[in-house]
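Results of the structural survey
Residue-level listing of the chains:
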Amino acid sequence: MQENDGPRRELRRKLMGMLLRHAVESDYAAIVDLANQAYRGTGPVASWNIETGIIAGQRLTESLLREDLAAKPDAHLLINRDQQDGTLLGTVWLEPKPDGVWYLGLLTVRPDLQKRQMGRTLLAAAEGFARENSAHRIRMTVVNLREPLIAWYQRRGYAGTGETQPFPYGDERFGRPLRNDLHFVVLEKEI
């Protein structure tokens, strides 16, 4: 056995123990709470990658979540709980696009559980789910000023495509921008 097999074996064990399942309506309130806490939370348990100084207000509402799910019936909103009906630990949105490309968004982990490799484990489980459903590449967008988050994804094999997408100024459903220089960078990874 090679020396670096230990971390791989540990990651496989974590993935096998992860209860990743499709969200149901009774999960929506907890998903909204977690998204708002992870993206815009404050205080001693705030996430390491919050959008303070960039975007204010709520990141997600239940009506917006329902709207997105209705508009994108092929998307998968997946959740992770510590037990079948236990505490919500994380979420991820996966949406199939043409040519084996899947969009990944809303990757969230409870802020008090961050720095325990749960985010990378959830990301790997999401990639595995997409791969099992014929994905060849994962694509995502990240606000350009979230440099620590972009670097985190790059360490997990995602690379900038050079593409950008405009920030939806004037549409405050996802929050109120606090700067006028926002846009999204596009990251991709072959899986």
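These remarks concern the structure in this document. Remember, it's a predicted structure, so these values are computed and weren't measured experimentally.

1. Some points on the packing of helix H2 (residues 28-40) against helix H3 (residues 62-71)
To describe two helices that pack against each other, one gives the angle between their axes and the distance between the axes. Here H2 crosses H3 at 110°, and the two axes come no closer than 9 Å. Of the possible angle classes, the one that applies to H2 and H3 is roughly perpendicular. For H2 against H3, the interelement crossing comes out right-handed. Between H2 and H3, the residues in contact are Tyr28, Ala29, Ile31 and Val32 and Glu62, Leu65, Arg66 and Leu69, respectively.

2. Structural notes on the packing of aromatic side chains
Scanning the model with the defined rule gives five aromatic pairs in all. Measuring from centroid to centroid gives 6.3 Å for Trp102 and Phe129, while their planes differ by 70°, and the two rings are edge-to-face. Highlighted residues: Trp102 in strand E5 (residues 101-109) and Phe129 in helix H4 (residues 118-132), separated in sequence by 27 residues. Given the relative accessible area of 5%, Trp102 is considered buried. Among the aromatic residues, ring-to-ring pairing joins Trp152, Tyr153 and Tyr158 into one connected group. Over the aromatic face of Tyr39 sits the side chain of Arg59, whose NZ or CZ is 4.8 Å from the ring centroid.

3. Details of the pairing of strand E3 (residues 76-81)
By the criterion of burial, E3 is predominantly enclosed, with six of the six residues buried. Of the two faces of E3, the one lined by His76, Leu78 and Asn80 and the one lined by Leu77, Ile79 and Arg81 are each fully buried. As judged from the six bridges shared by E3 and strand E4 (residues 88-96), these two strands associate in the antiparallel manner. Looking at E4, one finds that Leu78 is bridged to Val92.

4. Structural notes on the side chain of Arg81
Positionally, Arg81 belongs in strand E3. Under the relative-accessibility criterion, Arg81 is labelled buried at 11%. Of note is the side chain of Arg81, whose polar atom sits 2.6 Å from the side chain of Asp27.

5. Points about the pattern of salt bridges
According to the stated counting rule, one finds 16 salt bridges in the structure shown. For Arg66, the salt bridge is made with Glu25, and the minimal N-O distance between the two is 3.0 Å. Note that Arg66 is positioned in helix H3 and Glu25 in the loop between strand E1 (19-22) and H2, a separation of 41 residues in sequence. The class of Glu25 is exposed, set by a relative accessible area of 52%. Arg137 is paired through a salt bridge with Glu188; the nearest N and O atoms lie 3.4 Å apart. Here Arg137, found in strand E6 (residues 137-143), pairs with Glu188, found in strand E9 (residues 183-190); they are 51 residues apart in sequence, far enough to count as distant. Classification of Glu188 by relative accessible area gives buried; the value is 16%. Ionic contacts of the salt-bridge type, sharing partners, join the residues Arg137, Arg139, Glu163, Glu188 and Glu190 into one network.

6. Digging into the nonpolar core
Leu94, Leu104, Leu107, Val142 and Tyr153 are the most contacted members of the largest nonpolar core, which has 26 residues in total. When contributions to this core are tallied by element, the ones reaching two or more residues are E4, E5, H4, E6, helix H5 (147-155) and E9. In terms of residue count, the dominant contributor to this core is H4 (six residues). The residues contacting Leu107, other than those within four sequence positions of it, are Tyr39, Thr91, Val92, Gly119, Leu122, Leu123, Trp152 and Tyr153. Counting 18 residues, the second-largest nonpolar core is a separate cluster that includes Val32, Ala38, Leu69 and Ile79.

So, how was this worked out
- Residues numbered from 1 in each chain as written.
- Predicted model: local features only at pLDDT ≥ 70, side-chain atom pairs only at ≥ 80, totals over all residues.
- Heavy atoms only, no water.
- Axes fitted to C-alpha atoms, helices over the stretch in contact; angles between N-to-C directions.
- Helix = DSSP H or I, 4+ residues; strand = E, 2+ residues; numbered from the N terminus.
- Parallel < 35°, antiparallel > 145°, perpendicular 65-115°, else oblique.
- Left-handed = near helix turned anticlockwise from the far one by under 90°.
- Contact = heavy atoms within 4.5 Å.
- Phe/Tyr/Trp six-rings, centres within 6.5 Å; stacked < 30°, edge-to-face > 60°.
- Buried < 20%, exposed > 50% of the residue type's maximum accessible area, 1.4 Å probe, protein only.
- Lys NZ or Arg CZ within 6 Å of the ring centre and 35° of its normal.
- Pairing = 2+ DSSP bridges.
- Polar contact = N/O pair within 3.5 Å; in protein donor to acceptor, adjacent residues only side chain to side chain.
- Salt bridge = Lys/Arg side-chain N within 4 Å of Asp/Glu carboxyl O.
- Core = buried A, V, L, I, M, F, W, Y, C linked by side-chain atoms within 4.5 Å.

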